[in-house]
Amino acid sequence: MSKKPAKAAADDSTNDGEAAPKKRSKLKLALFALMPLVLAGGGYAGWTFYFAPAGDAHAAAEKDGDEADGHAADGAEAADPVQVAAIPLDIAAETSFTHSYALGVIIAHACGAAQVPSLKAASEAEAKADGLLATLSWEAAARRTSILDDKNCRYLKAEVYNADGKAARLAAERAAPKKHEAKPAHH
């Protein structure tokens, strides 16, 4: 009997002097598999850099270059060429002044009333501007206050007072004169 394993003996008998075929390199296979991805990514990057159409704000700035430069010199901010996607209505409802005001009103029976006049005014302005947003804000506030305890009361009241402070700051900024507006001359 031979001391070679059965498989090695079978290989010797079938090849009869021919060399065994080379195994493919794993590195070469990986490179060939990744090459289309690299080429596609490079092509896309080149297209976006050199050939992609510019946004409307960028085209308007090029068309009205003199006016845009004049506005920038006056201190007004230039148009932002980045377009932002719309915020979904359910997320906007949970981040509105109306939502914070609704929280304060709903938790008043269990946690005590919060005196937030700036927040109330901001909430009323939002309700006049977008009734659907106001309705969704009240619904979201009702969902958040379904289970109240001492810890939730403190947390929610702090949120309401923070929103009132933010509303007061925004109201003060809107009421303050703009820096780039001309002040009346004293004669």
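Residues numbered from 1 in each chain as written. Predicted model: local features only at pLDDT ≥ 70, side-chain atom pairs only at ≥ 80, totals over all residues. Heavy atoms only, no water.

Undergrad: Give a description of the overall build of the chain that names residues and reports values.
TA: Looking only at helices and strands, the chain features ten helices and zero strands. Helices (α) and strands (β) of the chain occur, in sequence order from the N terminus, as α-α-α-α-α-α-α-α-α-α. Entry remark: accessible area of the chain is about 15100 Å², with carbon and sulfur atoms responsible for 60%. (Helix = DSSP H or I, 4+ residues; strand = E, 2+ residues; numbered from the N terminus. Areas by Shrake-Rupley, 256 points an atom, 1.4 Å probe, with all protein chains shown as cover.)

Undergrad: Go over the confidence of the model for the chain, please, and point to the residues and values.
TA: Confidence in the prediction of the chain, expressed as mean pLDDT, is 76, and 65% of residues score 70 or more. Here residues 56-76 scores under 50 on pLDDT; set against residues more than four positions off or in separate chains, the count is seven contacts. (pLDDT = per-residue confidence, 0-100. Contact = heavy atoms within 4.5 Å.)

Undergrad: Quick one: what's the story with the nonpolar core, residue by residue and with numbers?
TA: Among the nonpolar cores identified, the biggest contains 16 residues, and Phe97, Leu103, Val116, Leu119 and Val160 are the most heavily contacted of them. Among the elements of the structure, α6 (97-106), α8 (117-129) and α10 (150-175) are those that each provide at least two residues to this core. Per-element tally for this core: the top contributor is α10, with five residues. Contacts of Leu103, omitting those with residues within four sequence positions, involve Ala141, Arg144, Thr145, Leu156, Glu159 and Val160. (Core = buried A, V, L, I, M, F, W, Y, C linked by side-chain atoms within 4.5 Å. Buried < 20%, exposed > 50% of the residue type's maximum accessible area, 1.4 Å probe, protein only.)

Undergrad: How would you explain α8 if you had to name every residue and give the values?
TA: With 13 residues, α8 ought to run about 18 Å at 1.5 Å a step, and its terminal C-alpha atoms sit 19 Å apart, in line with that. Where the residues of α8 are buried, they touch α6 and α10. (Expected span 1.5 Å × (residues − 1).)

Undergrad: Which residues make up the pattern of salt bridges, and what values go with them?
TA: Considering all chains together, one arrives at two salt bridges under this definition. Note that Glu159 is salt-bridged to Arg144, the shortest N-O span being 2.9 Å. Remark: Arg144 occurs in helix α9 (residues 131-144) and Glu159 occurs in helix α10; sequence separation between them is 15 residues. (Salt bridge = Lys/Arg side-chain N within 4 Å of Asp/Glu carboxyl O.)

Undergrad: Give me the lowdown on the side chain of Thr145, citing residues and values where you can.
TA: Relative to the assigned elements, Thr145 resides in the loop between α9 and α10. Here Ala141 takes part through its backbone oxygen, which lies 3.0 Å from a polar atom of the side chain of Thr145. At 3.2 Å, the side chain of Thr145 forms a polar contact with the backbone oxygen of Ala142. Excluding residues that lie within four positions of it along the chain, Thr145 makes contacts with Leu103, Ile106, Ile107 and Leu156. (Polar contact = N/O pair within 3.5 Å; in protein donor to acceptor, adjacent residues only side chain to side chain.)

Undergrad: Break down the packing of aromatic side chains for me, citing the residues and quoting the values.
TA: A full pass over the atoms with the stated rule returns one aromatic pair. Geometrically, the ring pair formed by Tyr101 and Trp138 is edge-to-face, given 6.5 Å between the ring centres and 85° between the ring planes. Here Tyr101, found in helix α6, pairs with Trp138, found in helix α9; they are 37 residues apart in sequence, far enough to count as distant. (Phe/Tyr/Trp six-rings, centres within 6.5 Å; stacked < 30°, edge-to-face > 60°.)

Undergrad: Summarise α10; cite the residues concerned and give the values.
TA: Over its 26 residues, α10 extends 38 Å from the first C-alpha to the last, a length consistent with the 38 Å expected when each residue adds 1.5 Å. Buried within α10 we find Cys153, Leu156, Lys157, Val160, Ala163, Asp164 and Ala167. Contact partners of the buried residues in α10: α6, α7 (108-111), α8 and α9.

Undergrad: Explain a nonpolar patch on the surface to me, and be specific about the residues and the numbers.
TA: A cluster of nonpolar side chains, namely Tyr44, Trp47, Phe49, Tyr50 and Phe51, defines an oily patch on the protein surface of about 720 Å² accessible area. Of note, Trp47 is situated in helix α2 (residues 26-51). (Patch = residues over 30% accessible without salt bridge, like charges linked within 9 Å, V, L, I, M, F, W, Y side chains within 5 Å.)

Undergrad: I'd like a description of the packing of α6 against α9, backed by residues and values.
TA: Any two packed helices are characterised by how steeply their axes cross, that is the angle between the axes, and by the distance between the axes. Taken N-terminus to C-terminus, the directions of α6 and α9 make an angle of 45°; their axes are 8 Å apart at the nearest point. One element, α6, and the other, α9, form an angle in the oblique class. The handedness of the crossing between α6 and α9 is right-handed. Residues Thr98, His99, Tyr101, Ala102, Leu103, Val105 and Ile106 of α6 touch α9, and the partners they reach there are Ala134, Ser137, Trp138, Ala140, Ala141, Ala142 and Arg144. Along the lines of polarity and charge, the residues of the contact of α6 with α9 split into ten nonpolar, three polar and one charged. (Axes fitted to C-alpha atoms, helices over the stretch in contact; angles between N-to-C directions. Parallel < 35°, antiparallel > 145°, perpendicular 65-115°, else oblique. Left-handed = near helix turned anticlockwise from the far one by under 90°. Nonpolar A, V, L, I, M, F, W, Y, C, P; charged D, E, K, R; others polar.)

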